[in-house]
Amino acid sequence: MTKKQISQTNVTNQNEVGKSSIWGGRFSSGPSQLLQNINASIGYDQRLYQQDIAGSRAHATMLAHCGIISEEDLMAINQGLAQIAKEIEAGDLKFSLELEDIHMNIEARLAEIIGEPARKLHTARSRNDQVATDFKMWVRMLLENLDRALAELQAALIAQAEAHVDTLMPGYTHLQTAQPVTFGFHLMAYVEMIGRDRSRFADAHRRLNESPLGAAAIAGTSFPIDRQMTAKLLGFDRPAANAMDAVSDRDFALDFLTGAAICSMHMSRLAEEIVIWSSDRFGFVKLSDAYTTGSSIMPQKRNPDAAELVRAKPGRIVGSLNGLLIVLKGLPLAYSKDMQEDKEGVFDAADALGIAIAVMTGMVTDMQPNPENMRAALTNGWPTATDLADYLVRELKIPFRDAHHISGSIVALAAKQGVDLDAVPLADMQAIEPLITEEVVEILKVDNAVAARQSFGGTAPSEVSAQIAAAKKRFHIG
């Protein structure tokens, strides 16, 4: 048992608990077993126990400060909640399906421990604002954890990029050889992608950081509470301005899921490249036994299963986003029980994205680039054809569209001769364009072509080194 997740086996059913309904005098009999089964969320919202206890501590502190409960009640509540936290972390607390969720389970256990003071804790609070507060705090913690994990992935990519600032490889468009680039330049593209992921999660963090606590069920409360105080105690920037919106808002969950869907897509793109790069046909990188598996029948196989599983994660994460959008799309204000369906998808997406980022960080650190194979691949596809066209425009003042046509003709000649562009005899090139001079030979060498691309954000090793230094500063990478 860990703090992250409490086992489903800690949940007992109504008959085992033997308690009456939590709804009190309005109901004369308990719910059916089927209603109890569909209604209960304790099987998964156990994850919120830390946030629920923190929220109750803050609420009780505020109630005592405002003179709504006594200091003695506050002391008893805090002592009881501390004991419950220890019981949950030790796996000693049996949760009840009849009590539905983590909030009522904790409240019921608190009453068992401290008696009457526990019954005062829910004063000026509804489960509607309680659950919204707990869930927001959990998502806020998640976003902070994701930011740290993504920073570690950026650091791993930057470390590989620094080691391969001048390692040449083909750059591809349409998975066809396009232009020569460096491996460090290629990896830095993912550093930028992940930087945008971190920015999206930071935006989500900023937007969600308004406290619902004190909104009560829908319309606020007549008790003289201090919502500013509870917001501050729980690390929120401010209390949510409208009680109805506070209890019905799940935009923070959608913000996370949207960012997670995009981030998982970025993980998937990099995973796909690792699958391609580690294949026999490319051989650009090698993964160790730590991130590959074998075959049950083919003894020679080294399969990039870790990368393939990361590549698959967007399926379930995007599914969680779509699921919550569909749940929320037709709900009138304010709270409806449909909103109980908000958590499982978020929890599942959080788990899927968390392990994808961790595995990707491990693979990036683990992979061993093969500079020889990368460079050898530059002998295919005539990657300096654009440099030839640029030379014709820059040095010979030929209009670009004409230069493009001339370069294409010389590429066709190189293909016919079976050579790289810089190996086409000068006389043969001059037969196509008489103004071409011998300086073109140096321009068409891949090393010179890469070094020439010194524009901001370009692939020249000097510019990639500058990008790395700037990225470390911008993304706070040690």
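Residues numbered from 1 in each chain as written. Predicted model: local features only at pLDDT ≥ 70, side-chain atom pairs only at ≥ 80, totals over all residues. Heavy atoms only, no water.

Asker: Just to check I follow, could you spell out the overall build of the chain for this structure?
Answerer: A tally of helices and strands in the chain yields 20 helices and 8 strands. When its C-alpha atoms are laid out on the principal axes, the chain stretches across 100 × 55 × 40 Å. Of all 478 residues assigned to the chain, the portion counted as buried reaches 49%. Considering only residue pairs separated by 6 or more positions, the chain has 76% of its internal contacts joining residues 24 or more positions apart. For the chain, the accessible area works out to roughly 22500 Å², and carbon and sulfur atoms hold 53% of it. (Helix = DSSP H or I, 4+ residues; strand = E, 2+ residues; numbered from the N terminus. Buried < 20%, exposed > 50% of the residue type's maximum accessible area, 1.4 Å probe, protein only. Contact = heavy atoms within 4.5 Å. Areas by Shrake-Rupley, 256 points an atom, 1.4 Å probe, with all protein chains shown as cover.)

Asker: Sorry if this is basic, but what is going on with the nonpolar core here?
Answerer: What tends to happen in soluble globular proteins is that the nonpolar side chains get buried as a cluster. One finds Val139, Leu157, Phe256, Met267, Ile274 and Met360 to be the most contacted residues of the largest nonpolar core, which totals 98 residues. For this core, the element with the most residues is helix H11 (residues 251-277), which contributes 14 residues. Ignoring sequence-local partners within four residues, the contact set of leucine 157 consists of Leu187, Tyr190, Val191, Ile194, Leu270 and Val364. In this structure, Leu392, Leu396, Val411 and Leu444 belong to the second largest nonpolar core, which totals 18 residues. (Core = buried A, V, L, I, M, F, W, Y, C linked by side-chain atoms within 4.5 Å.)

Asker: Hey, could you run me through helix H15 (residues 385-396) in this one?
Answerer: Residue pairs three or four apart in sequence face the same way in an α-helix, which turns once every 3.6 residues. With 12 residues, H15 extends 16 Å from end C-alpha to end C-alpha; this agrees with the ideal 16 Å at 1.5 Å per step. Among all positions of H15, only Asp387, Leu388, Ala389, Tyr391, Leu392 and Leu396 are buried. Of the surrounding elements, those touching the buried residues of H15 are helix H16 (400-417), helix H18 (440-443) and helix H19 (446-452). Lysine 397 sits one or two positions beyond H15 and adopts a positive phi of about 60 degrees. (Expected span 1.5 Å × (residues − 1).)

Asker: Just to check I follow, could you spell out the side chain of serine 56 for this structure?
Answerer: One can find serine 56 in helix H4 (residues 49-65). Residue serine 56 is classed as buried on the basis of its relative accessible area, which comes to 2%. Those residues in contact with serine 56 that lie beyond four places of it in its chain are Leu81, Leu121, Arg125 and Gln130.

Asker: I'm lost on the pairing of strand S3 (residues 168-173) in this one. Help?
Answerer: Strand residues, when the strand is regular, have side chains that alternate between the two faces of the sheet. One ladder, built from 6 bridges, connects S3 with strand S4 (residues 176-182); its direction is antiparallel. Bridge pairing links glycine 171 to glutamine 179 in S4. (Pairing = 2+ DSSP bridges.)

Asker: Looking at this model, I keep getting lost on a nonpolar patch on the surface. Mind explaining?
Answerer: Together, Ile218, Met244 and Leu333 make up an exposed nonpolar region whose accessible area comes to about 270 Å². Locating isoleucine 218 in the fold gives a position in the loop between strand S5 (210-211) and helix H9 (227-233). Judged by relative accessible area, which is 38%, isoleucine 218 ranks as partly exposed. (Patch = residues over 30% accessible without salt bridge, like charges linked within 9 Å, V, L, I, M, F, W, Y side chains within 5 Å. Salt bridge = Lys/Arg side-chain N within 4 Å of Asp/Glu carboxyl O.)

Asker: Hey, could you run me through the packing of H4 against helix H7 (residues 127-163) in this one?
Answerer: When two helices pack together, their arrangement is captured by the angle between the axes and the distance separating the axes. The interhelical angle for the contact between H4 and H7, taken along N-to-C directions, is 120 degrees, at an axis separation of 9 Å. Taken together, the axes of H4 and H7 are oblique relative to one another. Here H4 and H7 pass one another in a crossing that is right-handed. For the pair H4 and H7, contact is made by Gln51, Asp52, Ala54 and Ser56 and by Gln130, Asp134, Met137, Trp138 and Met141, respectively. (Axes fitted to C-alpha atoms, helices over the stretch in contact; angles between N-to-C directions. Parallel < 35°, antiparallel > 145°, perpendicular 65-115°, else oblique. Left-handed = near helix turned anticlockwise from the far one by under 90°.)

Asker: Just checking my understanding: could you explain the packing of aromatic side chains for this structure?
Answerer: One pass over the structure, following the stated rule, counts 7 aromatic pairs. Between the aromatic rings of phenylalanine 135 and phenylalanine 347, the centroid separation amounts to 6.3 Å while the plane-to-plane angle is 80 degrees, which identifies the pairing as edge-to-face. Pair noted here: phenylalanine 135 is in helix H7 and phenylalanine 347 is in helix H13 (residues 343-366), with a separation of 212 residues, a long-range link. The side chain of arginine 140 reaches across the aromatic face of phenylalanine 236, ending 4.6 Å from its centre. Over the ring of phenylalanine 135 we find lysine 343, and its NZ or CZ is 5.3 Å from the ring centre. (Phe/Tyr/Trp six-rings, centres within 6.5 Å; stacked < 30°, edge-to-face > 60°. Lys NZ or Arg CZ within 6 Å of the ring centre and 35° of its normal.)

Asker: Just to check I follow, could you spell out the pattern of salt bridges for this structure?
Answerer: Side-chain pairs of opposite charge can arise whenever the charged atoms involved come near each other. Under the definition given, this model contains 25 salt bridges. A salt bridge links lysine 120 to aspartate 73, with the nearest nitrogen and oxygen atoms 2.9 Å apart. Highlighted residues: lysine 120 in the loop between helix H6 (102-114) and H7 and aspartate 73 in helix H5 (residues 71-90), separated in sequence by 47 residues. Among the salt bridges present, the one from arginine 206 reaches aspartate 203, with a minimum N-O distance of 4.0 Å. On the criterion of helical spacing, the pair formed by arginine 206 and aspartate 203 is a turn pair, its members being 3 residues apart in helix H8 (residues 183-208). Judged by relative accessible area, aspartate 203 falls into the partly exposed class, the value being 31%.

Asker: Explain unusual backbone geometry to me, please; I cannot follow it from the model alone.
Answerer: Cis geometry is adopted by the peptide bond preceding alanine 334, which originates at leucine 333 and carries an omega value of 15 degrees. Examined against the element boundaries, alanine 334 turns out to sit in the loop between helix H12 (305-328) and H13. Of note, alanine 124 is a non-glycine position whose phi angle comes to about 65 degrees, a positive value. Mapping alanine 124 onto the fold places it in the loop between H6 and H7. Its relative accessible area of 8% is what places alanine 124 among the buried residues. At tryptophan 382, a position not held by glycine, the phi torsion is positive, near 50 degrees. Residue position: tryptophan 382 is located in the loop between helix H14 (371-376) and H15. A residue is classified by how much of its surface remains accessible, and tryptophan 382, at 26% relative accessible area, is partly exposed.

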